[in-house]
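Secondary and tertiary structure notes
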Amino acid sequence: MYGYVDKVLRIDLTSGSISNEPLNQEYMKRYLGGEGYGMALLWDEVPHDADPFSPDNMLSFNTGPLTGTPMASASRMSINFISPLSNTMGASNIGSHLGAEIKFSGYDTIIFSGAAKGPVYALIHNDQVEIRDASHLWGKDTRETTEALLEELGDNYKIACIGQGGENLSKLACIFSDDCFAGRGGAGAVMGSKNLKAVAVKGTGAVLVKDKDSFLAANKEAIEEIRSEEYTWGAVHGYGTPAWIGGVDECGMLPTRNFRENAFDEIEKLLPYNLWNDTDNFEIRRRACYSCQLGCHKYVTMKTETDDVPVGELEYETIAALGPRCGVSDYRDISMANYYLTLHGLDTISAGATVSAAMEWYEEGLIGKEDLDGLELNFGNGKAMVELIRKMGLREGAGDLFSDGSEVAARRIGKSTLDYTMTVKGMEISASDPRGSSAMTIAFGTSERGACHMRPYAGTIDAFGYLYPDLGVTEAKDPFDDNEDKTWLKAVKEFFVVTNLIGICDFNVINCELKASTLAKIYTALTGIETDKDELLRKAERTIALERAFNYERGFRRADDRLPKRFMKEAAPYGPPKGRTVDMETALTRFYEACSYDQETAIPTAEKFTQLGMEDISRQLSL
């Protein structure tokens, strides 16, 4: 095959059996690959009511057809599972070099089922696949684990692993690979529940291209589209995602002090040039994922009197979560918090959001120092934030209360703590205040995996004023009109999901750079399968429909597609959205209409399933 390797690796951790099989052709025709392939596996092979921590849950690593090709940013891979954080379908995307290495080793998908009796790691070197004892790795942090395996196996392996967070089944736990993370939804905790400490991969193969000349020509178009977008190839190329923080603040969308505010009074201290220019305290170097044009990763090392601290990647979401959201303006505190989250393997977005919720609980008198091991957890207390995060990563002391996220902590504490918990489906909202963007209201509320800014990040269009003619967005959208027709948003969401199916980075599309029609040409040249942009979007629409069906089976309905009441009850205090609250019900109704969802069940109608060629799914749901 071209683009695809046509091989799936199955590793049963309970029995120790290892087997290969060809790709499921029906899955590819319907869902393309990546997240769609992993979702189809969940639907067909995992009990829909399975406990996320039971051996019945599946953990699958799913590359896309473009993963490992010379296409710009063709590094991505989707990890699929049932999420212990949101109790929904789980899909967490990761870049770096892991996905490409899996492809080079001869596999499109790796499936981990069951659970080992004790700590193990998987060794994959082309056709050599082993399950090895990992007792000597258990208890180590992510970097210690990576270093130990590279010393044991050789430097040319790519390592994915969990830290203590995953071992301790923190619902915020990530999977770490080369300072990139499969970050959201608790994939690391599922890996820990299977006693799977790490996966080490080395491959010597390549991805075959059907029409090399057409592929290179279309890829050149894609690169030109990416580089021609001024902001992407300017500020983001230079500073990475931290470049967004000033603009988001100006638009009144920067979460501040647990979304009590939507702009930060100390924003100047956090503008990226202040970090970059502080060479006495910080060293920053560019890092890029496989085949990346942009190089948005910026690896930070913090200098101290005793030693240098390898902070790791400071992304916009991380800075916002650990900075304004907690009222913290000191980059040294933000850096130390990120350092501990990296070592222990926790999601920076949910961890920062959990601390910010706890800060509001503390200031409201709902928890006290006695609940926090003596910490004074006021907004702005960066040292207390760092210490609580360190404890969360190890489930140490008060950290145990918060290590499963803010909603779990709120339900344990009781009182009125849920009123200050900024979650959707149990997952913490990331760093965009939806009062400043009706599109983000929908993105957070309707995301199938829980509050997610990447399904889609459409605030670029309605709040920042971008157009996307290739997707039908030819005129400016009103960021404050929840009653606006949302057909355009449906198309943008589908295109974001296409990136997860095909194996490329969302940063190719987040500022409306790469055209869907260009991507269709690349896929056609790669695989020899004639495809247009409408068919790419249709495959994403089917994937989303299947995810909604899976969540429906797990009890989710329209009532679960809602934002926290703060956004409906408390007006934005600053910036362009000043005085605005969200009309959630109207926004949902308009989006459901655009997607042909039933207004109560929140899944596609039987007629829509039929249009998508998914009558079998409709029958299973008894529609």
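Residues numbered from 1 in each chain as written. Predicted model: local features only at pLDDT ≥ 70, side-chain atom pairs only at ≥ 80, totals over all residues. Heavy atoms only, no water.

Re the overall build of the chain
Under the convention used in this document: Strands here mean DSSP runs of E at least two residues long; helices mean DSSP runs of H or I at least four residues long; both are numbered from the N terminus. We compute the radius of gyration from the C-alpha atoms alone; for a globule the expected value is 2.2 Å times N to the 0.38, where N is the number of residues. Here the term buried applies to any residue with accessible area under 20% of the maximum for its type, exposed to any over 50%, and partly exposed to those in between, with areas from a 1.4 Å probe on protein chains only. Residue-level accessible areas treat just the shown protein chains as cover; the underlying method is Shrake-Rupley with a 1.4 Å probe. In this charge count, Lys and Arg are treated as positive and Asp and Glu as negative; neither His nor the chain ends contribute. To locate a charge, take NZ of a lysine, CZ of an arginine, CG of an aspartate or CD of a glutamate.
If you tally the helices and strands in the chain, you get 25 helices and 17 strands. In terms of overall dimensions, the chain is globule-like: its C-alpha atoms have a radius of gyration of 22 Å, near the 25 Å expected for 623 residues. Its C-alpha atoms give the chain principal-axis dimensions of roughly 60 × 55 × 50 Å. For the chain, the proportion of its 623 residues judged to be buried stands at 66%. For the chain, the exposed area adds up to about 20,200 Å²; of that, 46% sits on carbon and sulfur atoms. For the chain, the distance from the average site of its 65 positive side-chain charges to the average site of its 94 negative ones is 2 Å.

Let's talk about the sheet that holds strand S3 (residues 59-63)
Here is the rule we go by: Note on pairing: two strands pair once DSSP finds at least 2 bridges between them. To obtain each axis, a line is fitted to C-alpha atoms, and for helices this fit is confined to the stretch in contact; angles are then taken between N-to-C directions over 0 to 180 degrees. The contact definition used throughout considers only heavy atoms, calling two residues in contact when any of these lie within 4.5 Å.
As summarised here, the arrangement of the six strands in space is S2-S1-S6-S3-S4-S5, forming an open sheet in which the pairing is mixed. Where the open sheet ends on each side, the last strands, each with one partner, are strand S2 (18-21) and strand S5 (89-94). Averaged over all pairs of adjacent strands, the angle between their axes in this sheet comes to 20°, without regard to strand direction. Across four bridges, strand S1 (residues 8-12) lies against S2 in antiparallel orientation. The partner of Arg10 across the bridge, within S2, is Ser19. Packing against the sheet, helix H2 (residues 34-45) makes contact with S1, S3, strand S4 (77-82), S5 and strand S6 (109-113), and its axis sits at approximately 20° to S4.

Digging into the side chain of Arg143
Going by this rule: Side-chain atoms alone can form a polar contact between residues adjacent in sequence; in general such a contact is a pair of N or O atoms within 3.5 Å, and within protein one must be able to donate a hydrogen while the other accepts it.
Among the secondary structure elements, Arg143 is positioned in helix H4 (residues 142-153). Exposure remark for Arg143: the relative accessible area of 11% places this residue in the buried category. A distance of 3.3 Å separates a polar atom in the side chain of Arg143 from a polar atom in the side chain of Tyr299. Residues contacting Arg143, with those up to four places away along its chain left out, are Phe176, Asp179, Tyr299, Pro310, Val311, Gly312, Tyr339, Thr342 and Leu343.

What about the sheet that holds strand S15 (residues 308-313)?
Read across the sheet, three strands follow the order S13-S14-S15 without closing on themselves; strand pairing throughout is antiparallel. Strand pairing shows two members of the sheet lacking a second neighbour, strand S13 (282-287) and S15, which therefore form its edges. Ignoring strand direction, the axes of neighbouring strands in this sheet form an average angle of 20°. Two elements, strand S14 (residues 297-303) and S15, share five bridges in a ladder whose sense is antiparallel. When the bridges of S15 are listed, Val300 appears paired with Gly312. Along the sheet, helix H8 (residues 230-239) contacts S13 and S14; its crossing angle with S14, the most-contacted strand, is approximately 35°.

Some points on the pattern of salt bridges
For clarity, the cut-off: We define a salt bridge as a side-chain nitrogen of Lys or Arg found within 4 Å of a carboxyl oxygen belonging to Asp or Glu.
Counting across every chain of the model gives 50 salt bridges. Three or more residues joined by partner-sharing salt bridges are found here, namely Glu35, Lys425, Glu448, Arg455, Lys493, Glu547, Arg548 and Asp561.

Things to note about the nonpolar core
Spelled out, the test is: Residues grouped as a nonpolar core are buried Ala, Val, Leu, Ile, Met, Phe, Trp, Tyr and Cys residues, joined through side-chain atoms within 4.5 Å.
If you look at the biggest cluster of nonpolar residues, it comprises 166 residues, and the most contacted ones within it are Met71, Trp361, Met385, Phe402 and Leu519. Beyond its immediate chain neighbours, meaning those up to four positions away, Met71 contacts Leu66, Phe215, Asn219, Ala222, Ser291, Ile504, Asn508, Leu514, Leu519 and Ile522.

Observations regarding the side chain of Asp333
Topologically, Asp333 is positioned in helix H12 (residues 331-344). At 2.8 Å, the side chain of Asp333 and the side chain of Lys383 are in polar contact.

Considerations on the packing of aromatic side chains
Convention followed: Note on ring pairs: Phe, Tyr and Trp rings are taken, using the six-membered ring of Trp, and paired if centres are within 6.5 Å. Classes follow the plane angle, with under 30 degrees stacked, over 60 edge-to-face and the rest tilted.
Under the counting rule described, the total for this entry stands at 14 aromatic pairs. Considering the side-chain rings of Tyr239 and Trp276, the 5.1 Å spacing of their centres and the 80° angle between planes classify their relative orientation as edge-to-face. Of this pair, Tyr239 sits in helix H8 while Trp276 sits in helix H10 (residues 272-276), placing them 37 residues apart in sequence. For Tyr239, a relative accessible area of 28% puts it in the partly exposed group. Plain terms: the ring middles of Phe591 and Tyr597 are 6.5 Å apart, the flat faces sit at 80° to each other, and that makes the pair edge-to-face. On the basis of relative accessible area, Tyr597 is assigned to the buried category, the value being 9%. Following the ring pairs from residue to residue traces out a cluster consisting of Trp244, Tyr316 and Phe507.

Remarks on the packing of helix H7 (residues 212-228) against helix H20 (residues 516-527)
As a reminder, the rule being used: An angle counts as roughly parallel when it lies under 35 degrees, as roughly antiparallel when it exceeds 145, as roughly perpendicular when it falls between 65 and 115, and as oblique in every other case. Handedness of a helix crossing follows the sense of rotation of the near helix relative to the far helix, less than a right angle counterclockwise being left-handed and clockwise being right-handed. The classification used treats Ala, Val, Leu, Ile, Met, Phe, Trp, Tyr, Cys and Pro as nonpolar, Asp, Glu, Lys and Arg as charged, and all other residues, Gly among them, as polar.
Viewed as axis vectors pointing N to C, H7 and H20 meet at an angle of 155°, and their least axial separation amounts to 8 Å. If you check the angle between H7 and H20, you find them roughly antiparallel. Where H7 crosses over H20, the handedness of that crossing is left-handed. Across the interface between the two elements, Ser214, Phe215, Ala218, Asn219, Glu221, Ala222 and Glu225 of H7 pack against Thr518, Lys521, Ile522, Ala525 and Leu526 of H20. When grouped by side-chain class, the residues that make up the contact of H7 with H20 number six nonpolar, three polar and three charged.

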